[in-house]
Amino acid sequence: MILAVVRRGRKYRLSAPIAVGPKTEPGHDSVGPIHSPSFARLGTAAGFLLTSLPLAIFWFAVLAAPMLLGVFLAAVWVVAIGLILAVLSWTGRPQRQTFARGLALISTPLTLLSVHGAQAERRRIARSLGYQVSSPYRRVPRGSTLDRANARAEDPAFWRDLAYLLLLVAVGALEFASVVAALVFFLGTITLPAWLFVAFPEGAPLWQEVRIDTLPEALTVAVVALPVSVLFGYLLIIGLSQAHVVLGRALLGPSRRARLAERVEELTESRSRALAATLAERRRIERDLHDGAQQRLVSLAMELGMAREKMATDPDTARELLEEAHVEAKRALADIRDLVQGIHPALLSDRGLDAAISALASRSPLPVEVDVELDGRPSEVVETTAYFVVAESLANVAKHSGASEARVTVWRVPEDWLLVVEVVDDGRGGADPEVGTGLTGLADRLAALDGRLFVESPAGGPTHVRAELPLDAPGVGIR
Amino acid sequence: MRDAQTSNGPLRVVIAEDSSLLREGLARLLGDAGLDVVAKVGDGTALISAAERHSPDIAVVDVRMPPGYRDEGLKAAIEIRRRVPDLTVLVLSQYVEERYGAELLESGAAGVGYLLKDRVADVPDFVAAVRDVASGGTVLDPEVVSQLLSRRRRDQRLASLTPREREVLSLMAEGRSNHAIARALYVTRGAVEKHVKNIFGKLGLAQTDDDHRRVLAVLTYLRG
């Protein structure tokens, strides 16, 4: 996957960022929809609409034979089984399965061919209209030809492919006729003055008594009609291509059911990852408390106890011990302060991301440039997750990268409902999310929010961490 | 600027801290040091009314207090400084953030202190800080100063300071006098004066003998 981000004139191109965590497709996967009026795109779209009909006829011709054969064989099969049923009272589950498998086998040539047609159509839509339509097929299991045929026949995607290809004949005809009509209208408009006089030597009737009988009048009409015909053609072509995309997505893309199934799988996984991340976090806190503050407090209590013992007999030693205990107590305070700060920074809830990230940056041992551009505050979950992405990344920069400076950028992409966090350094790179728990822990936290983490860190550097957090999930978003 | 010493009696203190353990501890500590604790309160609203009723010399305020346990203390501190202009405030916090320090200083830098709560453990230093703030000084926690310094790290003029001069600058920003700086760094007072002169020269600040105004100049520069 190649990521290119254009932001205020600067362009970062990520050659091969590693998506950490589950490899899920984004919900809407457009690569470059036709929303900007460009004549090259208009031409491509018109070409697309004109070729729909010939392609539809081709696929219809290819599919007609297996379809007819299938219908015929299916009828024979139904009749045969029906007879057997009637004669032998042959019922029960295995028998019904045999019946279904027979039908599946009969439909195999049809499904195999329509897959090819549908794949070609998906590619055509992506290439000409710039919309990706993802493949909806279930995985075909290994096994006998019969098993595979059965699996295919049970996958609704194949039948929806077939429906699309058959429907394409009608849709293609409509598209072809419309584009031709638009072209004729356009060409007719520019040649209006010429054919006006050929067809109406007496002058063309325009409206009741008004007649066009001079060249200037004809030219005026042509000039007025020209933009109308251009606009008409433009809207027609754009509208039809969009409609075709909708049709393609509905029939060639994953069904609502398939999407939901995939989503459930994804959610189940991210839920358990989030849970694991929480447990890991608890273990870390336990360990930090145990190794840090708890040890210091034990030693503090010990020193105080010893001081009390020595108080009467050896006041000098007692004073020394008290001195040490005092130092120990202050260290314990500092330990706990760091730990508490790491669990949840108070400044984040009080003053938001900009202040909290700036404070992080000012504590970093190397210079960190911070640029946070947000209007309003994201919800607490998003804010906290974004904060920890920065905290973890800056800690990594300081510990491993050997960088001399780093930059943190946070901004919102309103059209995609995303909050983007980027941390870039000028270090030696080579960060591997598989090694160590920091980055994978972050990815897990992000996954729980449907966010994603990209890490690009080629050997020799620099390291580029990018996190995308959706703002449109329920309970998330801008406060 | 207020000079508390002229009012003859001991410094009158209001303590605002929601943890009763710490509240009583602070009261005892300050009482033992010869200050007069006139009121002890547990939240921001009570602090404002206590400050208006008792008009103390100084309020010692915890940042995090009920009801929200966020920055109620800071907000109350800024509010009482607005309402009772002569009142000085020392804000204590479990963590210090340059941002909070800046907000506090915006309400006027004279008679303001912002310290990490841990500093209470060093009793003489803490009491000195309370007296310093009460007499119109500015006391900032070294943590805040280091945050300020690191924020201006790439400043060309700041980069031109020698390590020793940077040390002196941090101590100046914390509100220490030349004498105190000399003691802290184990150098003569003359040496400190020389460093201070160099620092003011390199940063382009106007020289002044007034400790307080000197702190302000440094803070303004660092925050700028």
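None of these values were measured; they are calculated from a predicted model.

Brief notes about the environment of Arg-189 of chain B
Residues and elements named next belong to chain B.
Right, so step 1: With respect to the helices, strands and loops of the structure, Arg-189 is situated in helix 10 (residues 189-203).
Right, so step 2: Taking the number of C-beta atoms within 10 Å as the measure of exposure, Arg-189 has 13 and is therefore partly exposed.
Right, so step 3: Distance from Arg-189 to His-179, taken between C-alpha atoms, is 6.0 Å for residues 10 residues apart in sequence.
Right, so step 4: When neighbours within four sequence positions are excluded, Arg-189 is seen to be in contact with Asn-178, His-179 and Ala-182.

With respect to the interface of chain B and chain A
Right, so step 1: On the side of chain A, 16 residues touch chain B, which itself brings 14 residues to the contact.
Right, so step 2: Among the secondary structure elements, those contributing two or more residues to the side of chain B that touches chain A are helix 4 (98-106) and helix 6 (142-151) of chain B.
Right, so step 3: In terms of residue count, helix 6 of chain B provides more of the side of chain B that touches chain A than any other element does, three residues in total.

Digging into the pairing of strand 3 (residues 58-62) of chain B
Residues and elements named next belong to chain B.
Right, so step 1: Burial analysis of strand 3 places five of its five residues in the buried class, the great majority of the element.
Right, so step 2: Side chains of strand 3 alternate between two faces, with Ile-58, Val-60 and Asp-62 and Ala-59 and Val-61 buried alike.
Right, so step 3: Summarising the sheet, strand 1 (residues 12-16) and strand 3 pair through four bridges and their orientation is parallel. When the bridges of strand 3 are listed, Ala-16 appears paired with Val-61.
Right, so step 4: Where strand 3 and strand 4 (residues 88-93) come together, five bridges link them in parallel fashion. In the strand pairing of strand 4, Ile-58 is matched with Thr-88.
Right, so step 5: Crossover handedness for the path strand 3 to helix 3 (residues 72-83) to strand 4: right-handed.

Considering the nonpolar core
Right, so step 1: Counting 101 residues, the largest nonpolar core has Ala-386 and Val-390 of chain A together with Leu-47 and Ala-59 of chain B as the members making the most contacts within it.
Right, so step 2: Sort the elements by how many residues they give to this core and helix 11 (residues 380-401) of chain A lands first, with nine residues.
Right, so step 3: Leaving out residues up to four positions away in the same chain, Ala-59 of chain B has contacts with Val-14, Ala-16, Leu-47, Ala-51, Ala-77, Ile-80, Leu-87 and Val-89 of chain B.
Right, so step 4: Of all hydrophobic cores here, the second largest spans 25 residues; its members include Ala-45, Ile-125, Leu-168 and Leu-252 of chain A.

Here's the deal with the confidence of the model for chain A
Residue and element names in this part refer to chain A.
Right, so step 1: Averaged over every residue, the pLDDT of chain A is 81; the share at 70 or more is 86%.
Right, so step 2: Low pLDDT, under 50, characterises residues 1-18; the predicted model gives this stretch 22 contacts beyond four residues in sequence or across chains.
Right, so step 3: A low-confidence stretch, residues 21-36 stays under pLDDT 50, and its non-local contacts, those more than four residues away or across chains, total 26 contacts.

Here's the deal with the sheet that holds strand 1 of chain B
All names here are of chain B.
Right, so step 1: With parallel pairing, six strands are arranged side by side in an open sheet as 2-1-3-4-5-6. Each edge of the open sheet carries a strand with a single partner, namely strand 2 (36-41) and strand 6 (138-140). Strand-to-strand twist of the sheet, defined as the mean angle between neighbouring strand axes without regard to direction, takes the value 20°.
Right, so step 2: Two strands pair when backbone bridges link them, and strand 4 and strand 5 (residues 112-116) are joined in this way by five bridges, in the parallel orientation. Bridge pairing in strand 5 links Val-91 to Tyr-114.

Some thoughts on the packing of helix 8 (residues 163-173) of chain B against helix 11 (residues 211-223) of chain B
Residue and element names in this part refer to chain B.
Right, so step 1: One way to put it is that helix 8 packs onto helix 11 with a least axis distance of 8 Å and a crossing angle of 110°. The angle between helix 8 and helix 11 places the two elements in the roughly perpendicular class. Judged by the twist between their axes, the crossing of helix 8 over helix 11 is left-handed. Side by side, helix 8 and helix 11 meet where Leu-169, Met-172 and Ala-173 of the first sit next to Arg-214, Val-215, Val-218, Leu-219 and Leu-222 of the second.
Right, so step 2: Among the residues forming the contact of helix 8 with helix 11, the class breakdown is seven nonpolar, no polar and one charged.

A closer look at the pairing of strand 1 of chain B
Residues and elements named next belong to chain B.
Right, so step 1: Burial of strand 1 is extensive: four of the five residues sit out of reach of the surface.
Right, so step 2: Where strand 1 lies against strand 2, five bridges are found, and the strand directions are parallel. Across the sheet, Val-14 pairs through a bridge with Ala-39, a residue of strand 2.
Right, so step 3: Handedness of the β-α-β unit built from strand 1, helix 1 (residues 20-32) and strand 2 comes out right-handed.

Thoughts on helix 6 (residues 215-252) of chain A
Residues and elements named next belong to chain A.
Right, so step 1: The end-to-end C-alpha distance of helix 6 is 53 Å, a good match for the 56 Å that 38 residues give at a rise of 1.5 Å each.
Right, so step 2: When the local axis directions of helix 6 are compared, the greatest deviation, roughly 30°, occurs at Ala-225, which is followed within four positions by the proline Pro-227.
Right, so step 3: Every buried residue of helix 6 is listed here: Ala-218, Ser-229, Gly-233, Ile-237, Leu-240, Ser-241, His-244, Gly-248, Leu-251 and Leu-252.

Topic: unusual backbone geometry
Right, so step 1: Cis geometry is adopted by the peptide bond preceding Pro-67 of chain B, which originates at Pro-66 of chain B and carries an omega value of 5°.
Right, so step 2: Position of Pro-67 of chain B relative to the elements: it lies in the loop between strand 3 and helix 3.
Right, so step 3: Its identity as a non-glycine residue notwithstanding, Asp-450 of chain A has a phi of 70°, on the positive side.
Right, so step 4: Topologically, Asp-450 of chain A is positioned in the loop between helix 12 (438-448) and strand 9 (452-456).

Brief notes about helix 11 of chain B
Residue and element names in this part refer to chain B.
Right, so step 1: With 13 residues, helix 11 extends 18 Å from end C-alpha to end C-alpha; this agrees with the ideal 18 Å at 1.5 Å per step.
Right, so step 2: Every buried residue of helix 11 is accounted for by Arg-214, Val-215, Val-218, Leu-219, Tyr-221 and Leu-222. Buried positions in helix 11, seen along its axis, are confined to an arc of 160° and lie on one side of it.
Right, so step 3: Packed against the buried residues of helix 11 are helix 4, strand 6, helix 6, helix 8 and helix 10.

A look at the environment of Arg-157 of chain B
Residues and elements named next belong to chain B.
Right, so step 1: Structurally, Arg-157 is set in helix 7 (residues 156-159).
Right, so step 2: Between the C-alpha atom of Arg-157 and that of Leu-203, which follows or precedes it by 46 residues, the distance is 5.9 Å.
Right, so step 3: Residues in contact with Arg-157, not counting those within four places in the same chain, are Lys-202, Leu-203 and Gly-204.

Concerning the packing of helix 11 of chain A against helix 12 of chain A
All names here are of chain A.
Right, so step 1: Where helix 11 contacts helix 12, the two axes come as close as 10 Å, and the packing angle between them is 170°. Comparing the axis directions of helix 11 and helix 12 gives the class roughly antiparallel. Residues Thr-385, Phe-388, Val-389, Glu-392 and Asn-396 of helix 11 pack against Gly-438, Leu-442, Arg-445 and Leu-446 of helix 12.
Right, so step 2: Tallied by class, the residues present in the contact of helix 11 with helix 12 amount to four nonpolar, three polar and two charged.

Notes on the environment of Glu-369 of chain A
Residue and element names in this part refer to chain A.
Right, so step 1: Of note, Glu-369 is situated in strand 6 (residues 368-373).
Right, so step 2: For Glu-369, a count of 12 C-beta atoms within 10 Å puts it in the exposed group.
Right, so step 3: Note: C-alpha distance between Glu-369 and Arg-407 (38 residues apart in sequence) is 4.6 Å.

What counts and what doesn't
Residues numbered from 1 in each chain as written. Chains lettered and ligands numbered in written order. Predicted model: local features only at pLDDT ≥ 70, side-chain atom pairs only at ≥ 80, totals over all residues. Helix = DSSP H or I, 4+ residues; strand = E, 2+ residues; numbered from the N terminus. Buried ≥ 20, exposed ≤ 12 C-beta atoms within 10 Å, placed from the backbone. Contact = placed C-beta atoms within 7 Å. Pairing = 2+ DSSP bridges. Right-handed = clockwise from strand over helix to strand, strands pointing away. Core = buried A, V, L, I, M, F, W, Y, C linked by C-beta atoms within 7 Å. pLDDT = per-residue confidence, 0-100. Axes fitted to C-alpha atoms, helices over the stretch in contact; angles between N-to-C directions. Parallel < 35°, antiparallel > 145°, perpendicular 65-115°, else oblique. Left-handed = near helix turned anticlockwise from the far one by under 90°. Nonpolar A, V, L, I, M, F, W, Y, C, P; charged D, E, K, R; others polar. Expected span 1.5 Å × (residues − 1). Bend = angle between axes of the 7 residues up to and from the residue. Arc of directions from axis to C-beta.

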